[in-house]
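# Per-entry structural report
So the chains spell out like this:
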Amino acid sequence: MSELPATARVVIIGGGAVGASCLYHLAKAGWTDCLLLEKNELTAGSTWHAAGNVPTFSSSWSLMNMQRYSAELYRKLGAEVDYPMNYHVTGSVRLGHSKERLLEFKRVVGMGRYQGMDLDILSPAEIKARYPFAETHELEGALYDPYDGDIDPAQLTQALAKGARDMGAKIIRFCPVDSARRENGEWVLATAKGEVRCDYVVNAAGYYAREVGKLFGRDVPMMVMSHQYMLFDTIPELEAWSKEAGHKLPLLRDVDSSYYLRQEKYGFNLGPYEGNCRAHWVTDDDPMPKDFSFQLFPDDLDRLEWHINDAVARVPILGTAGLSKVINGPIPYAPDGNPLIGPMPGVPNAFEACVFTFGICQAGGAGKVLAEWVTQGETEWDMWSCDPRRYTSYTDPAYCVDKGMEVYGHEYAIHFPKHYWPAGRDRRQSVIHDRIAALGAVFKPYNGWERAMWYAKPGDDTSEEATQTWARKGPWSPRIEEECLAVRDAAGILDLPGFSRYRLQGPGATEWLAGLTTGKIPKPGRIGLAYFADDKGRIVTEMSVMAIAEDFFFLITAATAQWHDWEWLLTHKPEDAAFTLTDVSDQFSCQILSGPNSRAILAEVSDADLTKSWLSHQSCQIAGRWLQLVRVSFAGELGWEIHTKIEDTADVFDAVWAAGQKHGLKPFGMEALDSLRLEKGYRAWKGDLSTDYTVLQGGLERFVDWAKPDFKGKAALAREKQQGVTKRFVLMTIEAGDYDAPYMSTLWHDDQVVGETTSGNWGYRIGKSIAIGMVRSDLAVPGQELDVEVFGERLKATVHGDTPLYDPMNERLRA
């Protein structure tokens with residue numbers, strides 16, 4: 001038995017496929033002084049009972065990257081580490097029952113092609129050629145993925161472990177971690193075999209990740225689902241076909257009926273995701289056991305009856321097979337079904353690689369991403385979709401259970417752009433929530449905060465069913481247009497709770513902020529956008545910097561960025577800093593008042609100097625309440641942001657609303673704001689602004705102060721400028737039909753892929769479909785014509801450069 005070393009550079013807690021992949025990739029990166037601790041045997045958690053499917057399909061760009069990498073790694077891993085592996089690349093047929101599902105497939109085909117994968121759409125008639133035993137009733141078509149397949153999870157884990165050991169990494173089995181403490185800048189992990197000191201720790205503990213997180217003072221947002229799949233006996237008809245064809249059937253996924261069906265030897269493996277699902281270890285009478293290694297839950301087939309019958313109707317030979325075995329095991333779920341990979345929030349030198357719902361197909365990519373986080377402090381791909389900091393304090397256990405069950409029961413659901421999932425809602429409400437709800441607000445959460453998306457009128461269809469479409473038009477479209485035109489012609493007000501806000505104050509604050517941002521720091525009384533770059537010059541985040549006085553600022557950023565941006569600031573704050581940094585997000589709220597009549601409205605209720613110029617701010621009173629009035633407008637019209645203390649927000653809103661009625665003031669929502677900001681070319685965080693792009697590629701050089709002696713990312717940006725920027729930010733209008741361009745729609749020129757979209761929507765003030773994109777630099781020229789692939793159809797797009805499509809000289813904004 002291996003002896004526990006006294007020290008290690010990194011300790012990984014958890015020996016499933018993901019933990020082994022993390023160890024393997026750390027060793028490949030040259031960090032061979034790493035240790036994996038497993039409480040039982042390798043694969044003892046979800047890995048041992050996993051079905052082992054390895055799809056590349058995803059409607060998420062980052063998850064597709066990760067899964068594609070996994071599949072590529074697995075095809076060569078056995079030979080690389082000299083370990084036998086059963087990996088069957090069978091391809092898959094993913095069935096679609098509706099035109100909306102086929103549109104999703106067509107979008108994924110375009111994304112896959114951009115990542116070098118040739119996926120294909122099958123007609124109902126073509127399905128039989130790929131899967132002869134399938135009935136094609138009620139089908140619109142299918143997606144064929146030639147890279148899909150299945151792998152033996154235990155062999156995969158052992159191969160990764162062998163590869164890591166061969167490079168010098170260590171694995172200690174039957175060695176649970178009992179406690180953790182910080183000591184002299186190191187982690188000290190206590191086990192029954194002794195203590196080990198390390199620089200970094202990684203929580204890769206699968207469905208025990210929440211228990212491990214508690215050792216570090218971290219409450220991991222997760223829950224555990226019971227997932228069943230069934231193994232069926234040999235079917236002579238299938239055996240004869242396989243022997244004649246010389247290969248297995250492709251994996252069949254009936255995503256609209258929510259199950260997969262995979263050939264297993266000469267029988268089948270049927271795995272449903274049922275709506276009447278069950279969570280485990282969430283009640284007092286079902287506590288989490290101290291150890292659940294290599295164990296299963298009792299069978300519970302009654303809740304799968306509908307799926308079994310549907311699968312038999314789809315593949316009738318399944319009905320001739322005898323049931324040989326049922327696997328009912330625990331699978332962890334985060335509230336959105338994506339894993340947690342990245343820095344452990346609030347815990348120094350600690351990372352998470354856990355809560356994998358599809359751990360086998362994502363393990364390879366997860367190990368790569370985690371190793372990059374640990375060894376470089378950044379990742380090749382922007383991985384916000386999996387970043388643990390995407391969740392903040394609102395994700396208590398009840399929320400995690402509600403959302404986990406919702407995701408499981410809709411595992412294959414289409415994520416439509418106007419659909420807002422109902423579970424786990426109303427975690428955080430604005431103090432004027434009831435007021436805007438009475439005005440007809442249709443809500444969606446941002447970092448738990450309910451925000452109005454659009455305002456319905458009596459008789460409008462606000463049902464969940466109405467949102468099951470990719471189309472632009474729906475009950476919302478005339479209302480969004482009315483809201484946009486009200487902002488253009490009169491005035492609109494948007495309640496915006498949940499902005500993330502940090503107070504930076506004290507000696508040296510200005511100098512520190514200047515070294516961390518690319519541009520100039522505004523003077524007292526002014527506000528400006530600041531961009532934070534990493535050492536490669538890539539866009540980490542955007543904040544508004546409100547200068548109150550010398551060395552006194554408020555830094556304001558997106559609601560969803562709260563923990564991400566807070567950690568970025570804290571990580572770069574010197575230990576001996578004389579200034580203070582405080583998260584005051586929960587103390588303030590905000591309304592956006594925008595439109596040509598906004599000045600007249602404020603003149604009736606405030607004592608502010610309304611002649612102050614664009615990008616200024618001032619303290620003033622409305623309804624006897626102090627507030628900060630900020631002359632900016634994300635809507636691109638004359639306007640102000642009204643920043644109030646939480647307790648003063650209702651009185652201020654009431655006064656502005658009452659005064660605005662004779663000036664045509666209307667409420668508007670986030671959908672209208674998205675349209676308005678696109679017409680101005682304003683960027684959105686983690687869409688247009690992400691680490692997938694550099695500051696220069698993002699068209700943000702006007703926010704770079706080259707005269708500063710140094711700032712984070714300056715060397716990389718200077719090098720990029722000298723060598724030439726390869727792709728650039730552009731605004732485009734599209735000759736669109738019923739659909740606007742979704743995120744990561746492919747841009748074409750002369751039958752070559754030359755870029756991608758990062759945002760798309762309809763511009764109601766200009767009456768055109770708009771997209772923001774990144775395109776090859778030589779094509780980022782006003783007037784250049786491109787094609788944009790929207791759900792499989794190439795549409796004409798015209799490049800407008802970086803000039804706003806609406807009010808290009810900002811005359812209305814500065815009025």
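The text that follows walks through the structure, step by step, so that each part is easy to find. (Residues numbered from 1 in each chain as written. Predicted model: local features only at pLDDT ≥ 70, side-chain atom pairs only at ≥ 80, totals over all residues. Heavy atoms only, no water.)

### Some words on the overall build of the protein chain
- Of regular secondary structure, the protein chain possesses 19 helices and 38 strands.
- Viewed in the frame of its principal axes, the protein chain has a C-alpha envelope of about 80 × 65 × 60 Å.
- The proportion of buried residues among the 815 residues of the protein chain is 62%.
- Within the protein chain, contacts between residues separated by at least 24 positions form 73% of all contacts whose residues are at least 6 apart in sequence. (Helix = DSSP H or I, 4+ residues; strand = E, 2+ residues; numbered from the N terminus. Buried < 20%, exposed > 50% of the residue type's maximum accessible area, 1.4 Å probe, protein only. Contact = heavy atoms within 4.5 Å.)

### Observations concerning the environment of D178
- The residue D178 is located in strand 9 (residues 177-183) in this model.
- The sequence separation of D178 and L627 amounts to 449 residues, and the corresponding C-alpha distance is 50 Å.
- In contact with D178, other than residues within four places in its own chain, are A190, T191, A192 and L215.

### Description of the pattern of salt bridges
- Inspection of every chain in the model, using the stated rule, returns 60 salt bridges.
- Close ionic contact of E211 with K214 constitutes a salt bridge, the shortest N to O distance being 3.6 Å. Of the two residues, E211 and K214 are both situated in helix 7 (residues 209-214); the distance of 3 residues between them amounts to about one turn of the helix.
- The class for E211 is partly exposed, based on a relative accessible area of 32%.
- The exposure class of K214 is partly exposed, given its relative accessible area of 47%.
- K368 serves as the salt-bridge partner of E372, at 2.6 Å between the closest nitrogen and oxygen. (Salt bridge = Lys/Arg side-chain N within 4 Å of Asp/Glu carboxyl O.)

### Brief notes about the packing of helix 3 (residues 61-81) against helix 10 (residues 359-376)
- Where helix 3 contacts helix 10, the axes come no closer than 7 Å and their chain directions differ by 100 degrees. With respect to helix 10, the element helix 3 is oriented roughly perpendicular. Listed contacts from helix 10 to L63, M66, Q67, Y69, S70, L73 and Y74 of helix 3 are I360, C361, Q362, A363, G364, G365, A366, K368 and V369.
- Broken down by class, the residue content of the contact of helix 3 with helix 10 amounts to 10 nonpolar, 5 polar and 1 charged. (Axes fitted to C-alpha atoms, helices over the stretch in contact; angles between N-to-C directions. Parallel < 35°, antiparallel > 145°, perpendicular 65-115°, else oblique. Nonpolar A, V, L, I, M, F, W, Y, C, P; charged D, E, K, R; others polar.)

### Some points on the pairing of strand 6 (residues 141-145)
- Burial within strand 6 is extensive, with 5 of its 5 residues counted as buried.
- Of the two faces of strand 6, the one holding G141, L143 and D145 and the one holding A142 and Y144 are both buried throughout.
- Where strand 4 (residues 92-96) meets strand 6, 5 bridges bridge the pair, whose relative direction is antiparallel. Directly across from L95, in strand 6, lies its bridge partner A142. (Pairing = 2+ DSSP bridges.)

### Topic: the sheet that holds strand 31 (residues 639-645)
- Across the sheet, 6 strands lie side by side as 29-30-31-28-22-32; this open sheet has mixed pairing. Each edge of the sheet is formed by a strand with only one pairing partner; in this case those strands are strand 29 (617-622) and strand 32 (665-667). Each strand of the sheet is rotated relative to its neighbour by a mean of 30 degrees, with strand direction disregarded.
- As judged from the 3 bridges shared by strand 22 (residues 491-495) and strand 32, these two strands associate in the parallel manner. Across the sheet, A491 pairs through a bridge with L665, a residue of strand 32.
- Across the sheet, helix 13 (residues 477-489) touches strand 22, strand 28 (588-594) and strand 32, and the angle it forms with strand 22 is around 120 degrees.

Nothing here speaks to function; it is all geometry.
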